[in-house]
Amino acid sequence: MKILVCLGNVPDTTTKIRFDGEMKNLATEGVQWVINPWDELALTRALEIKEGSGGKIEKVSVVNVGKADAEPTIRKALAIGADDAYRIDADPSDAYFIAAQIAEVVKNNNFEIIFAGKESSDFNGSAVGSMLAEFLDIPSVSAVSAFDFPDGKVVLKRDIDGGKETIGIDTPFVTIVQKGISINPRIPAMRGIMMARTKPINVSQPVAVDTLVEYETFELPEAKAECKMVDPENTDALVDLLHNEAKVI
Amino acid sequence: MSIIVFTENRGGKLKKSSFEAISYAMNIAENTSKPVVAVSVGELGDDELSALAKYGAAKIVSVNDPAWKSNDSQAYTKLMAEIAEKENADTFIFSHSNEGKAIAPRLAVKLKAGLITNITGVPANFSPLTIKRKTYNGSAFQLMKIKADKAVLTINPNSCDVVEKPVDVNIEKFSPSVAGDGATKVENVDVVTGKILLTEAPIVVSGGRGLKSGDNWGMIEQLGEVLGAGLACSRPVSDEGWRSHEEHVGQTGKIIAPDLYIAVGISGAIQHIGGVSGAKVLVAIDKDKEAPIFKYADYGIIGDAFEVVPRLIESLQKFKA
Ligand SMILES: Cc1cc2nc3c(=O)[nH]c(=O)nc-3n(C[C@H](O)[C@H](O)[C@H](O)COP(=O)(O)OP(=O)(O)OC[C@H]3O[C@@H](n4cnc5c(N)ncnc54)[C@H](O)[C@@H]3O)c2cc1C
């Protein structure tokens, strides 16, 4: 069985968000690009599952829809331990486009378990994983916070309102993962970094897809008014402000 | 053409976010002259379902069948597509919740509809539908336009108003032709019921590493209780096991938008703010006057939480009495 992990290439989470003059594009000067945090956790878990599967999982691959400038991020995933990578050479313009491209990779290479993150930490779309499953006409399980593989059987835990559900599922399927799937991402070791240099990145051209949405402009939030300080001895004053001024209690 | 709203329920009650979604649909309806149809899947009584008409749903399609308990997103997508055809719908509204996020993108692919998720405000334009959404973890917004002839939208809970627009109750019991139990088999459910749902709570009290230990949460729970608030925490607090992961808010945890968020002993790291920037009013209590949380707060108290919080509880008890 083979696992595919979707890999987003995103600005580091501490990036100061600014846009170019026309508010159409992120100002990328000085931005550090990293693996989307949930995808990094997904990859970590996928590798652990492979290692503990007694050979049932033969391979963990990663896939990215992006131009050549995403390759350092892909190489990092290979250094962490992915066996090989697929890159569809196109701008990751929107979720529908991205999911359609990844669907081709899945179909052409028979992946049976596909991991996607709950969202990309830049666009916050929460769409690629579920869209991919629909393109493939296979089940998807969202909000997954644990993935176990006892005796070659998949057991997932997903978050529901105020709790968790344990779910059994047969392959193939897409799992959309979030916090808990693994605790800390694996850090590439020197040996991994050396090996990553020779691991294959299979580059292919995108398939044509209709455009269903279009981006207009970005906006920055309104500047916040100065914080009103209240005397720590006088909590009555805070209650009064929350009641009479902010009107929230 | 009609507008379909996917409603959600919990413990036999409709969620507040479902009424927000109906109100959102009504806003589009009034600008496009389309009727609003609410879809409910679950064992809800007619009394509870009728509440949807109070906000303007001209028709309520109810799938009340134990076979539809699986929450299988593939099956739900087929169900929604079947109802879409029956109701001749071109606009679909979900909450940006776990359930909504699981179904809406699939439905968009199935119907070849344009998808806009993470919506925080009413449409800027109705033809073509153009809507502002949250991006970069609340550090920016983005206007997005639908190019397809159908649209699927997910609305952030607590970010759009609920408006009463009563109409006559019209409930249709519907038996779908597609099967409800898909490939996912629920083996066990572990739910804490009765608690205020964090994503829906109008007031949230949250504690950070400044509280030093999980044993110190008594006063946070008490503050939550006087305010009828949901409880939250910062990531290190749940990582340390001081509090349950359920309570972790922030970029990697839950994203919330309460009317009032009270942060106690939380420094205000960008990843934490990413989860709470939708709060209408933010109160910070922290002993460090340089803590970044004060840059985001509307009201601040610089002081020791162990002195300030008990005092605040007293003030609130006085106010409530
Ligand atoms: C990829 C990534 C994702 C992340 N996601 C999240 C996330 O989703 N949510 C999240 O919260 N964090 C997240 N973090 C972590 C984040 O960067 C911060 O480390 C974290 O938010 C800090 O938690 P804190 O404010 O509770 O603790 P601290 O930063 O340690 O702050 C504690 C505060 O308590 C104050 N304090 C101490 N004693 C007292 C007292 N007696 N009275 C009053 N105040 C006191 C201190 O002055 C300080 O301001 C993420 C980090 C990364 C790298």
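Definitions and cut-offs
Residues numbered from 1 in each chain as written. Chains lettered and ligands numbered in written order. Predicted model: local features only at pLDDT ≥ 70, side-chain atom pairs only at ≥ 80, totals over all residues. Heavy atoms only, no water. Helix = DSSP H or I, 4+ residues; strand = E, 2+ residues; numbered from the N terminus. Rg over C-alpha atoms; globule rule 2.2 N^0.38 Å. Buried < 20%, exposed > 50% of the residue type's maximum accessible area, 1.4 Å probe, protein only. Contact = heavy atoms within 4.5 Å. Core = buried A, V, L, I, M, F, W, Y, C linked by side-chain atoms within 4.5 Å. Domains from an automatic or database assignment. Buried area = accessible area lost by both parts, 1.4 Å probe. Salt bridge = Lys/Arg side-chain N within 4 Å of Asp/Glu carboxyl O. Near = heavy atom within 4 Å. Polar contact = N/O pair within 3.5 Å; in protein donor to acceptor, adjacent residues only side chain to side chain. Areas by Shrake-Rupley, 256 points an atom, 1.4 Å probe, with all protein chains shown as cover. Nonpolar A, V, L, I, M, F, W, Y, C, P; charged D, E, K, R; others polar. Phe/Tyr/Trp six-rings, centres within 6.5 Å; stacked < 30°, edge-to-face > 60°. Patch = residues over 30% accessible without salt bridge, like charges linked within 9 Å, V, L, I, M, F, W, Y side chains within 5 Å.

Overview of the overall build of chain B
Piece 1. Each helix and strand counted, chain B has 9 helices and 18 strands in total.
Piece 2. For chain B, the C-alpha radius of gyration of 21 Å lies close to 20 Å, the compact-globule estimate for 321 residues.
Piece 3. By principal-axis analysis of the C-alpha atoms, chain B measures approximately 60 × 40 × 40 Å.
Piece 4. Evaluated residue by residue, chain B yields a buried proportion of 59% over its 321 residues.
Piece 5. Expressed as a percentage of contacts within chain B between residues at least 6 apart in sequence, the contacts between residues at least 24 apart total 65%.

Topic: the overall build of chain A
Piece 1. Helices and strands together make up the secondary structure of chain A, namely 6 helices and 13 strands.
Piece 2. Across its three principal axes, chain A shows a C-alpha extent of roughly 65 × 45 × 40 Å.
Piece 3. For chain A, with 249 residues in total, the buried portion stands at 55%.
Piece 4. Taking all contacts inside chain A whose residues are at least 6 apart in sequence as the whole, residues at least 24 apart take part in 72%.

Notes on the nonpolar core
Among soluble globular proteins, nonpolar side chains are generally buried collectively.
Residue and element names in this part refer to chain A.
Piece 1. The biggest cluster of nonpolar side chains holds 58 residues, and the ones touching the most others in it are Ile114 and Leu132.
Piece 2. At 9 residues, helix H3 (residues 95–109) tops the list of elements feeding residues into this core.
Piece 3. Look past the residues within four positions of Ile114 in its chain and what remains in contact with it is Leu4, Cys6, Val106, Leu132, Leu136, Ile138, Phe173, Val174 and Thr175.
Piece 4. Counting residues in each nonpolar core, the second largest holds 36 residues, with Ile3, Ala85, Ile113 and Ile181 among its members.

Quick word on the domain arrangement of chain B
Residue and element names in this part refer to chain B.
Piece 1. Taken domain by domain, chain B comprises domain 1 (2–173) and domain 2 (203–320).
Piece 2. One C-alpha centre belongs to domain 1, the other to domain 2, and the line joining them spans 32 Å.
Piece 3. When the buried area of domain 1 at its contact with domain 2 is split by residue, Lys134, Asn137 and Asn158 rank highest and sum to 79% of it.
Piece 4. There are 0 salt bridges connecting domain 1 and domain 2.

Comments concerning the site of the ligand
Piece 1. Contacts to the ligand come from 28 residues, most closely from Ser234(B), Thr252(B), Ser267(B), His272(B) and Asp286(B).
Piece 2. Looking at what sits near the ligand, you find residues from chains A and B.
Piece 3. In the environment of the ligand, a nitrogen atom lies 2.9 Å from a nitrogen or oxygen atom belonging to the backbone of Val249(B).
Piece 4. In the model, a nitrogen atom of the ligand is placed 3.0 Å from a nitrogen or oxygen of the Asp304(B) side chain.
Piece 5. A total of 990 Å² of accessible area belongs to the ligand in isolation, and the protein chains cover 80% of it.
Piece 6. Going through the elements one at a time, helix H6 (235–239), helix H7 (270–276) and helix H9 (305–320) of chain B are the ones with two or more residues in the shell around the ligand.
Piece 7. Looking at side-chain class alone, the shell around the ligand contains 7 nonpolar, 14 polar and 7 charged residues.

Quick look at the interface of chain B and chain A
Where interface size is quoted, it is often the accessible area lost as the parts come together.
Piece 1. In this complex, chain B contributes 83 residues to the contact, which on the side of chain A involves 76 residues.
Piece 2. The tally of links from chain B across to chain A stands at 13 salt bridges.
Piece 3. A salt bridge links Glu187(B) to Lys153(A); its shortest N-O distance comes to 3.5 Å.
Piece 4. Between chain B and chain A we count 48 residue pairs in polar contact (both at pLDDT 80 or more) in total.
Piece 5. A per-class count over the side of chain B that touches chain A returns 35 nonpolar, 27 polar and 21 charged.

Structural notes on the packing of aromatic side chains
Piece 1. Inspection of every chain in the model, using the stated rule, returns 13 aromatic pairs over all chains.
Piece 2. Ring geometry for Tyr96(A) versus Phe135(A): centroids 5.2 Å apart, planes at 55 degrees, classification tilted. Of the two residues, Tyr96(A) is situated in helix H3 and Phe135(A) in helix H4 (residues 128–136); the sequence distance between them amounts to 39 residues.
Piece 3. On the accessibility criterion, Phe135(A) (26% relative accessible area) is partly exposed.
Piece 4. On the basis of an interplanar angle of 55 degrees and a centroid distance of 6.1 Å, the ring pair of Phe218(A) and Tyr136(B) is categorised as tilted. Of this pair, Phe218(A) sits in strand E12 (residues 213–219) while Tyr136(B) sits in the loop between strand E9 (129–135) and strand E10 (140–146), on two different chains.

Brief notes about the side chain of Thr235(A)
Piece 1. Looking at the secondary structure, you find Thr235(A) in helix H6 (residues 235–245).
Piece 2. Within the local environment of Thr235(A), its side chain forms a polar contact with the backbone oxygen of Arg311(B), the two atoms lying 3.2 Å apart.
Piece 3. With near-sequence residues (within four places) excluded, Thr235(A) lies in contact with Ile301(B), Val308(B), Arg311(B), Leu312(B) and Ser315(B).

Examining a nonpolar patch on the surface
Residues and elements named next belong to chain A.
Piece 1. A grouping of Met190, Ile193 and Met194 is seen on the molecular surface, where their side chains present a nonpolar patch of about 300 Å² in accessible area.
Piece 2. Within the secondary structure, Met194 is located in helix H5 (residues 190–196).
Piece 3. Taking the relative accessible area as the measure of exposure, Met194 reaches 46% and is therefore partly exposed.

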